[in-house]
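The residues making up each chain are set out below.
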Amino acid sequence: MGQVAWKGLFLSLFDYKTEKYVIAKNKKVGVLYRVVQLSILAYLVGWVFVVKKGYQDTDTSLQSSVITKLKGVAFTNTSELGERLWDVADYVIPPQGENVFFVMTNLIVTPNQRQATCPESISIPNALCYKDGDCPAGEAVVAGNGIKTGRCLKDRGSIGGTCEILAWCPVEKRSKPKKPLLASAENFTVYIKNSIRFPRFKFSKMNVLATGNESYLKSCRYSTEHPYCPIFLLGDIVRWAESDFQEMALEGGVIGIQIEWNCDLDKAPSECNPHYSFSRLDNKFAEKSISSGYNFRFAKYYQDAGGVDYRTLIKAYGIRFDVMVNGKAGKFNIIPTIINIGSGLALMGAGAFFCDLVLLYLIKKSNFYRGKKYEEVK
């Protein structure tokens, strides 16, 4: 018995199978087959070729350069600085005009600091003391401003005090203005020049109108009527990011400026246009959190007539703008076209296979159709 089975299996290796076409007069399966065919055809034409442009070769290796330039002045009158006019050299950091720039809108100024000994700020927990032994000499104050000298300084009649430190004195005060000092920065303008290149197609373009009119960029502002005038009001950028400039200017924040280039190079170069979008990148819902806002410190140094070094410490609050550029370009190429057409034809075959399964195994007369489809000839 076993030998017969093995003999039959061996001989079946030399059988030849050929296709037999059977026309099944079954309207349900026929309708199903046409629906499957039309669905595959709609997917191939509508999604693959129209929406996804499957007939194109694409380049996503966008090369980009961003140059920024701000304009605007502000006037302030404070007890620390007196009357002062602020221009771009004062409030823009860094001054090079890169794709990330910071506009100072608020600040805490500590003028005339020099290296000496003075009491640490009372707001520093590690600096609180009751006796000199609480201030080991030579130990740095954790999250503080200097090095402990070994003395505990107390106000008259007070039980506790703060450690004396060697630092830039006087130390920075902790309070900041309740309103942004440079509130008028809302009306400052920024010029964002973006040059892009798609190396695969050797295609280059800029987001600035190619014109010989020198006064164009001095008078225009970005709008739907002037898409190639990349000059924006800072207040408009923040508003388009769904934030309030005055609230954001108090403690600072981060705004993202997205420039998107999606270019169909089968069309004219004038159809390849930049699209701008704006979003707030820090958590605007955490305004009362201790980690909210954006700030940092910097100092300006000078010497008096006696050669003693002094500095003015500035804790700057403001808005950081990150300019991000993305994009892709597509152009007709016969290779992806053939590949996608071949994939569509393969899907057509899969549709026929699915209808065969329905016809031969899932309907009531499946045994009848199976007998007609498969025939053994000797």
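Nothing here was measured: the structure is a model prediction, and the numbers come from that model. (Residues numbered from 1 in each chain as written. Predicted model: local features only at pLDDT ≥ 70, side-chain atom pairs only at ≥ 80, totals over all residues. Heavy atoms only, no water.)

Enquirer: Can you help me understand a nonpolar patch on the surface in this one?
Expert: On the surface, Leu38, Leu41, Tyr43, Val45, Trp47, Val50, Val51 and Leu347 cluster together into a nonpolar patch covering about 750 Å² of accessible area. When residues in the nonpolar patch are grouped by element, the largest group, seven residues, is from helix H2 (residues 27–51). Here Tyr43 falls in the partly exposed class, since its relative accessible area comes to 41%. (Patch = residues over 30% accessible without salt bridge, like charges linked within 9 Å, V, L, I, M, F, W, Y side chains within 5 Å. Areas by Shrake-Rupley, 256 points an atom, 1.4 Å probe, with all protein chains shown as cover. Salt bridge = Lys/Arg side-chain N within 4 Å of Asp/Glu carboxyl O. Helix = DSSP H or I, 4+ residues; strand = E, 2+ residues; numbered from the N terminus. Buried < 20%, exposed > 50% of the residue type's maximum accessible area, 1.4 Å probe, protein only.)

Enquirer: What is the right way to look at the packing of aromatic side chains in this model?
Expert: The geometry of an aromatic ring pair comes down to the distance between the two centres and the angle between the two planes. Taken as a whole, this structure holds 15 aromatic pairs when the rule is applied. Summarising the aromatic geometry, the rings of Phe101 and Phe321 are spaced 5.1 Å apart at their centres and angled 15 degrees between planes, so their arrangement reads as stacked. Here Phe101, found in strand E6 (residues 100–119), pairs with Phe321, found in strand E16 (residues 309–332); they are 220 residues apart in sequence, far enough to count as distant. For the pair Phe101 and Phe321, one class covers both residues: buried. One aromatic cluster is present, formed by Tyr222, Phe232, Trp240, Tyr276 and Phe278 through successive ring pairs. The side chain of Arg84 reaches across the aromatic face of Trp86, ending 4.3 Å from its centre. (Phe/Tyr/Trp six-rings, centres within 6.5 Å; stacked < 30°, edge-to-face > 60°. Lys NZ or Arg CZ within 6 Å of the ring centre and 35° of its normal.)

Enquirer: When you look at H2 in this model, what are you seeing that I'm missing?
Expert: Because each turn of an α-helix spans 3.6 residues, side chains separated by three or four positions end up pointing in the same direction. The terminal C-alpha atoms of H2 lie 33 Å apart, and with 25 residues this matches the ideal 36 Å at 1.5 Å per residue to within 8%. Listed in full, the buried residues belonging to H2 are Val29, Val36, Ile40, Leu44, Val48 and Phe49. Along its buried surface, H2 packs onto helix H7 (334–362). In the segment just after H2, Lys53 is the residue with positive phi, at about 50 degrees. (Expected span 1.5 Å × (residues − 1). Contact = heavy atoms within 4.5 Å.)

Enquirer: Help me out: how do you make sense of the pattern of salt bridges in this one?
Expert: Here the idea is simple: oppositely charged side chains can pair when their charged atoms come close. Applying the stated criterion across every chain, the model contains nine salt bridges. In this structure, the salt-bridge partner of Lys148 is Glu139, at a minimum N-O distance of 2.9 Å. Residue Lys148 is classed as buried on the basis of its relative accessible area, which comes to 4%.

Enquirer: I would appreciate a short explanation of the packing of H2 against H7 in the present structure.
Expert: Two quantities define a packed helix pair, namely the angle between the axes and the distance from one axis to the other. Contact geometry of H2 with H7 gives a least axis separation of 10 Å together with a crossing angle of 160 degrees. The angle between H2 and H7 places the two elements in the roughly antiparallel class. When the axes of H2 and H7 are compared, the crossing they make is right-handed. Residue-level contacts link Val29, Leu32, Tyr33, Val36, Gln37, Ile40, Leu41, Tyr43, Leu44, Val48 and Phe49 of H2 to Thr337, Asn340, Ile341, Gly344, Leu347, Met348, Gly351, Ala352, Phe354, Cys355, Val358 and Leu359 of H7. Across the contact of H2 with H7, the residue classes break down as 18 nonpolar, five polar and no charged. (Axes fitted to C-alpha atoms, helices over the stretch in contact; angles between N-to-C directions. Parallel < 35°, antiparallel > 145°, perpendicular 65-115°, else oblique. Left-handed = near helix turned anticlockwise from the far one by under 90°. Nonpolar A, V, L, I, M, F, W, Y, C, P; charged D, E, K, R; others polar.)

Enquirer: Is there a simple way to think about H7 in this case?
Expert: Spanning 29 residues, H7 covers 41 Å between terminal C-alpha atoms, matching the ideal 42 Å at 1.5 Å per step. For H7, the full list of buried residues reads Pro336, Thr337, Gly344, Gly351, Cys355, Val358, Leu359 and Leu360.

Enquirer: Would you mind showing me how to read the state of the cysteines here?
Expert: Two cysteines whose sulfur atoms are joined by a covalent bond form what is called a disulfide. Applying the stated rule across the entire model yields five disulfides. Here Cys129 pairs with Cys152 through a disulfide, and the sulfurs are 2.0 Å apart. Every disulfide takes its handedness from the sign of the S-S torsion; for Cys129 and Cys152 that torsion is 90 degrees, giving right-handed. Taken together, the residues span a long stretch of sequence, with Cys129 in strand E7 (residues 128–129) and Cys152 in strand E8 (residues 147–153) at a distance of 23 residues. Comparing Cys129 with Cys152 shows no difference in burial state: the two are buried. Paired through a disulfide, Cys263 and Cys272 show a sulfur-sulfur distance of 1.8 Å. One exposure class covers both Cys263 and Cys272, and it is buried. With its bonded cysteines labelled in order along the sequence, the protein chain shows the pairing 1-6, 2-4, 3-5, 7-8, 9-10. (Disulfide = S-S within 2.5 Å.)

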